[in-house]
Amino acid sequence: MQSFLEYLKSNVTPGQAGDPLWALIYILIIFGGVSLVVMSMNWLERKALAHMQVRLGPMRVGPHGLLQPIADAIKLFIKEDIIPEGADKLVFWLAPVVIVIAAFTVYIVVPFGPTHAVTDMNIGLLFMLGVASLATLGVIMAGWASNSHYPLLGSLRSSAQMVSYEIAMGMAVVSAVLMTSFAGGSGFLGEIYGTGGANPAGGTLSMIGIVRAQEAQHIWFVFKFFPLGLIAFFVFAVAMVAETNRTPFDLPEAESELTAGFHTEYSGLRWSLFMLGEYAAMVAVSSIAVTLWLGGWLRPFSSWHGPVITLDSYWQGGAVDFVFSLFPALLFFFLALVGFLGVVRMPKHPLFRVQTWGLAAFALVLGGIGVVLLAPPVRDRVQDIFWFTAKVAVFMYLYIWYRGTFPRYRFDQLMRLGWKFMIPTGIAVLIATALVGVLA
Amino acid sequence: MTASQVLRKIFLVDLLKGLALTFRYQHPKEIYTEQYPLQRPQVAERYRGAPRLNVNPETNETLCIACDLCALACPEHLIVVSSERNPNTRRKELTNFTYDLSRCMFCGLCEDACPTDALELTQDFELASYTRDGLIWDRKTLEEGPEPTVYKK
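Sequence order as written defines the numbering, with residues in each chain counted from 1. All chains are assigned letters beginning at A, and all ligands numbers beginning at 1, according to the order in which they are written. Reporting in this predicted model follows two pLDDT cut-offs: at least 70 for local features of residues, and 80 or more for side-chain atom pairs to be given and counted; totals over whole chains, interfaces and linings ignore these cut-offs and use all residues.

**Topic: the overall build of chain A**
Put simply, DSSP H or I for four residues or longer makes a helix, DSSP E for two residues or longer makes a strand, and each gets a number counted from the N terminus. In terms of regular secondary structure, chain A is built from 17 helices and 0 strands. For the exposure call, what matters is how many other C-beta atoms sit within 10 Å of a residue's own: 20 or more marks it buried, 12 or fewer exposed, and in between partly exposed, using C-beta atoms placed from the backbone. Of all 440 residues assigned to chain A, the portion counted as buried reaches 44%. Residues are scored as being in contact if the C-beta atoms we place from backbone atoms lie within 7 Å. The long-range fraction of contacts in chain A, counting pairs at least 24 apart against all pairs at least 6 apart in sequence, stands at 76%.

Structural data, given as structure tokens:
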């Protein structure tokens, strides 16, 4: 109990503190949070996509369809779970499990804040990319075990696509890792980061270390060696969409050609596991992009800082820090305001009465969260999570936006883009980054 | 390819244009979908829907003079007007009026033929019925509109 409470005062991750209990708590919070994000993404995607297509989207279940994901989840739970006659039962059963496990294991090293990560591995990034690519295995297993032609074609496409985009992704990632070892970086890990297994003199693969490097170099890696960082980020941002099988690269599940691709034969709960895995993977790759190029948990203009950045004074700061720390609360107040406007604009029809009260209660809850976030201890502890989440949220919106805008690539176009443009660009950026880094 | 085309391709101008377009369409005022049962759609002004037999709003007497012109005008012969002569006033008086909606094509010729504006095709479009008989409207239904069917257990 004593050591359990002691941890709250420390400034390390549970992994570094060697505290399995806190690690478990972190894992449960992250699991619950990501599941919640997946559910709300389901609603947001349907809603935003509908608005882009001049439709309303879900409107019936709850105010503005807010309870639609819950209704969907209940429907999927009670649906019949079909295993095709000729299917390889074990592999068929294993495939969605592999995808979900691969998608969620990645979150062990995602740094939501300097201390808000389950653990900080010295090979964090490598671990993340490695585990994330395991999802391909799940897709291939699903396609093979279904004993059906559409899933098989879908999984073939998926494996070809993922293998070719993984390389471009790797090149972009390596150039960002290279940047951690450059100007302003030498010795920073020893100064502000301390342990973690990374070599204090050189670069690091640790997710927390990479953000620390951006902090020490006073620049997000998108802007470093302009435009090299930007190009690497661009290559990653495109490869990331292809990795998660989203439009315009959603060939493995192209509904117009392959029904639903690799998960055609799946139904009910298993099918929803695929969806869970897909959205969790989207959040995971987005958080890699945010960590590597967009400064992770660092707020915008993080170099305008109060005192010198050391771990002891990290939570203190000047006026700029104060203003930026108000952002989370202000966001929730804004959302509550939007909710109340929705209440006022709700049709005055008896059938809408329950919905109106529900929306008002939801807006009140949002406002309440905003008030809690104003309290100084919460405010300081939560703002890094907020900035990380906000950056990831931008990526999630981009995913929806792409889906609402771009038509699907043909398979040969996809391969041409991957091999003839993405990989050469990735290698060129890597070489250029190395040259500029050594010469500058 | 000219230089401008190359630049267009490198900076993904066309893709960005597409993104800007879908972004603009997100504005709530662009939404075209109606929430039908709760929100009544505005049908066109000259829309021809459910027939109605108009009554004089003050005396509640029918405007129909039982001249039978609508029945003659109807290409489908789906209107049957029955009347009897009032011995006191020597005028024809309407007794029943049936209108078979299941055969109606809403051409509006009956409406045009009516000399007193008694028969009118209204803008009401909800004409579904569970039976064929339900589509044959008598005088009461035509004057007061169809009533919802009540089912008993």
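**Side note on the overall build of chain B**
Along its length, chain B carries 5 helices and 5 strands. In sequence order, chain B lays out its α and β elements as α-α-β-α-β-β-α-β-β-α. The C-alpha radius of gyration of chain B comes to 27 Å, more than 25% above the 15 Å expected for a compact globule of 153 residues. Judged by the C-alpha coordinates and their principal axes, chain B covers about 95 × 45 × 30 Å. Burial status across chain B gives 14% buried among its 153 residues. Sequence-distant contacts in chain B: of pairs separated by 6 or more residues, those separated by 24 or more amount to 67%. In this treatment the radius of gyration is a C-alpha quantity, and the globule benchmark scales as 2.2 Å times the residue count to the 0.38 power.

**Some points on the interface of chain A and chain B**
Counting residues at the interface gives 14 residues for chain A and 11 residues for chain B. Mapped by element, the contributors of at least two residues to the side of chain A that touches chain B are helix 3 (20–52) and helix 16 (376–405) of chain A. Here the term charged refers only to Asp, Glu, Lys and Arg, the term nonpolar to Ala, Val, Leu, Ile, Met, Phe, Trp, Tyr, Cys and Pro, and the term polar to all other amino acids, Gly among them. A class-by-class count of the residues in the side of chain A that touches chain B yields 9 nonpolar, 4 polar and 1 charged.

**Points about the domain arrangement of chain B**
When the domains of chain B are assigned, the result is domain 1 (1–31) and domain 2 (51–144). One C-alpha centre belongs to domain 1 of chain B, the other to domain 2 of chain B, and the line joining them spans 58 Å. For every domain, the bounds stem from an assignment made automatically or drawn from a database.

**Quick notes on the environment of Leu414(A)**
All names here are of chain A. Within the fold, Leu 414 resides in helix 17 (residues 411–439). For Leu 414, a count of 20 C-beta atoms within 10 Å puts it in the buried group. As a C-alpha pair, Leu 414 and Ser 40 span 374 residues in sequence and 30 Å in three-dimensional space.

**Some thoughts on the packing of helix 10 (residues 228–243) of chain A against helix 17 of chain A**
Residues and elements named next belong to chain A. Axis separation between helix 10 and helix 17 bottoms out at 10 Å; the angle between their running directions is 150°. Compared by their axis directions, helix 10 and helix 17 come out roughly antiparallel. At the point where helix 10 passes helix 17, the crossing takes the left-handed sense. Contacts between helix 10 and helix 17 pair Leu 228, Ile 231, Ala 232, Val 235, Val 238 and Ala 239 from the former with Met 422, Thr 425, Gly 426, Val 429, Ala 432, Thr 433 and Val 436 from the latter. Whenever a helix is involved, its axis is fitted only over the stretch in contact; in every case the axis is a line through C-alpha atoms, and angles between N-to-C directions fall within 0 to 180 degrees. Oblique is the label for any angle not covered by the other classes, which are roughly parallel (under 35 degrees), roughly antiparallel (over 145) and roughly perpendicular (65 to 115). In this scheme the handedness of a crossing depends on how the near helix is turned from the far one: anticlockwise by less than a right angle means left-handed, clockwise means right-handed.

**With respect to unusual backbone geometry**
Despite not being glycine, Val54(A) shows a phi value in the positive range, around 60°. Tracing the backbone shows Val54(A) in the loop between helix 3 and helix 4 (68–78). Using a count of 13 C-beta atoms within 10 Å as the deciding quantity, one classes Val54(A) as partly exposed. For Asp68(B), which is not glycine, the phi torsion reads 75° and is therefore positive. Looking at the secondary structure, you find Asp68(B) in the loop between strand 1 (51–53) and helix 3 (69–73). Take Asp68(B): there are 15 C-beta atoms within 10 Å of it, and that puts it in the partly exposed class.

**Looking at the nonpolar core**
All names here are of chain A. If you look at the biggest cluster of nonpolar residues, it comprises 109 residues, and the most contacted ones within it are Ala 103, Ala 172, Val 235, Phe 236, Ala 239, Ala 280 and Ala 284. Among the elements that take part in this core, helix 12 (residues 268–293) stands out by supplying 15 residues, more than any other. Other than its neighbours up to four places away in sequence, Ala 103 contacts Ala 135, Gly 277, Ala 280, Ala 281 and Ala 284. In this usage, the nonpolar core is the set of buried Ala, Val, Leu, Ile, Met, Phe, Trp, Tyr and Cys residues whose C-beta atoms join them within 7 Å.

**Digging into the packing of helix 7 (residues 149–179) of chain A against helix 17 of chain A**
Residues and elements named next belong to chain A. Packing of helix 7 against helix 17 brings their axes to within 9 Å, and their N-to-C directions diverge by 15°. By the angle between their directions, the pair helix 7 and helix 17 is classed as roughly parallel. In terms of crossing hand, the pair formed by helix 7 and helix 17 is left-handed. Its residues assigned to classes, the contact of helix 7 with helix 17 comprises 18 nonpolar, 7 polar and 1 charged.

**As for the confidence of the model for chain A**
Should the pLDDT be low somewhere, the predicted coordinates at that spot are not to be read in detail. When the pLDDT values of chain A are averaged, the result is 81; 88% of them are 70 or greater. The predictor rates its confidence in each residue with pLDDT, a number between 0 and 100. In the predicted structure, residues 191–200 of chain A sits below a pLDDT of 50 and forms 22 contacts with residues beyond four places in sequence or in another chain.

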